[in-house]
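Per-entry structural report
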Amino acid sequence: MLMLAGVVVLHITTIILLLLATIDNAWWITNTVSTDLWGRWELTKSMWHYTNLNDYPQEYLQTVQATSVLACVFAILSLLVFVAQLFTLPKGQRFTFTGILQLIACLCVMIAASVYTAKLPPNHGEGWYGHSYVLAWISFVLTFILAITYLILRKKSE
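Residues numbered from 1 in each chain as written. Predicted model: local features only at pLDDT ≥ 70, side-chain atom pairs only at ≥ 80, totals over all residues. Heavy atoms only, no water.

For the rest of this paragraph, the subject is the pattern of salt bridges. Evaluated as defined, the whole model comprises 2 salt bridges. The shortest N-O distance in the salt bridge between Arg40 and Glu42 comes to 3.9 Å. On the basis of relative accessibility, which here comes to 10%, the residue Arg40 falls in the buried class. Classification of Glu42 by relative accessible area gives partly exposed; the value is 27%. Linked through salt bridges whose partners overlap, the residues forming this network are Arg40, Glu42 and Asp55. (Salt bridge = Lys/Arg side-chain N within 4 Å of Asp/Glu carboxyl O. Buried < 20%, exposed > 50% of the residue type's maximum accessible area, 1.4 Å probe, protein only.)

Glancing now at the side chain of Thr143. With respect to the helices and strands, Thr143 occurs in helix α4 (residues 131–157). Ignoring any residue separated from it by four or fewer positions in sequence, one finds Thr143 in contact with Thr14, Leu18, Gln102, Cys106 and Val109. (Helix = DSSP H or I, 4+ residues; strand = E, 2+ residues; numbered from the N terminus. Contact = heavy atoms within 4.5 Å.)

Moving on: the packing of helix α1 (residues 2–23) against helix α2 (residues 58–88). Contact geometry for α1 and α2: axes closest at 9 Å, N-to-C directions at 160 degrees. Comparing their axes, α2 and α1 come out roughly antiparallel. Where α1 crosses over α2, the two elements pack in a sense that is left-handed. Of α2, the residues touching α1 (which contributes Leu4, Val7, Val8, His11, Ile12, Ile15, Leu18, Leu19 and Thr22) are Ser68, Val69, Ala71, Cys72, Ala75, Ile76, Ser78, Leu79, Phe82 and Leu86. Class assignment of the residues belonging to the contact of α1 with α2 gives a composition of 15 nonpolar, 4 polar and no charged. (Axes fitted to C-alpha atoms, helices over the stretch in contact; angles between N-to-C directions. Parallel < 35°, antiparallel > 145°, perpendicular 65-115°, else oblique. Left-handed = near helix turned anticlockwise from the far one by under 90°. Nonpolar A, V, L, I, M, F, W, Y, C, P; charged D, E, K, R; others polar.)

Over its 22 residues, α1 extends 32 Å from the first C-alpha to the last, a length consistent with the 32 Å expected when each residue adds 1.5 Å. Those residues of α1 that sit buried are Val7, His11, Thr14, Ile15, Leu17, Leu18, Ala21 and Thr22. Buried residues of α1 fall within an arc of 165 degrees about the axis and therefore sit on the same side. What points out from α1, more than 90 degrees from its buried face, is the exposed set Leu2, Val9 and Ile23. (Expected span 1.5 Å × (residues − 1). Arc of directions from axis to C-beta.)

Next up, the structure:
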């Protein structure tokens, strides 16, 4: 019982980290610019102004946006499926689908962070990756650990 509670806490933590990484405005940072997946905040005359990401290749940007949102959706869906399977399916069949959904979320966040790393930040010498970018990679590791945990729990129940 304690292990299942720990898995639920880890799952909720992962969902929160995924949502923060997707929503927060700190994927690429310079001294005067803070960029997220949706726009850019520029510091001019001591005020922050929101602008669009016109200098980013749109096909790569949309790939990162879509896979980040899908990672959040699949992580939330896998938590709901986990709770439903816990009470409806017999032992041995419980967590396979949850593990698969979590692997899909893991793949989505990995694609988002990898494409962002390879294609998006302009002028690599002028800035650095922000905390949202780091949270995305931490979420990748946590979703992978959760997926493996669900598959081990399935085997343990058999």
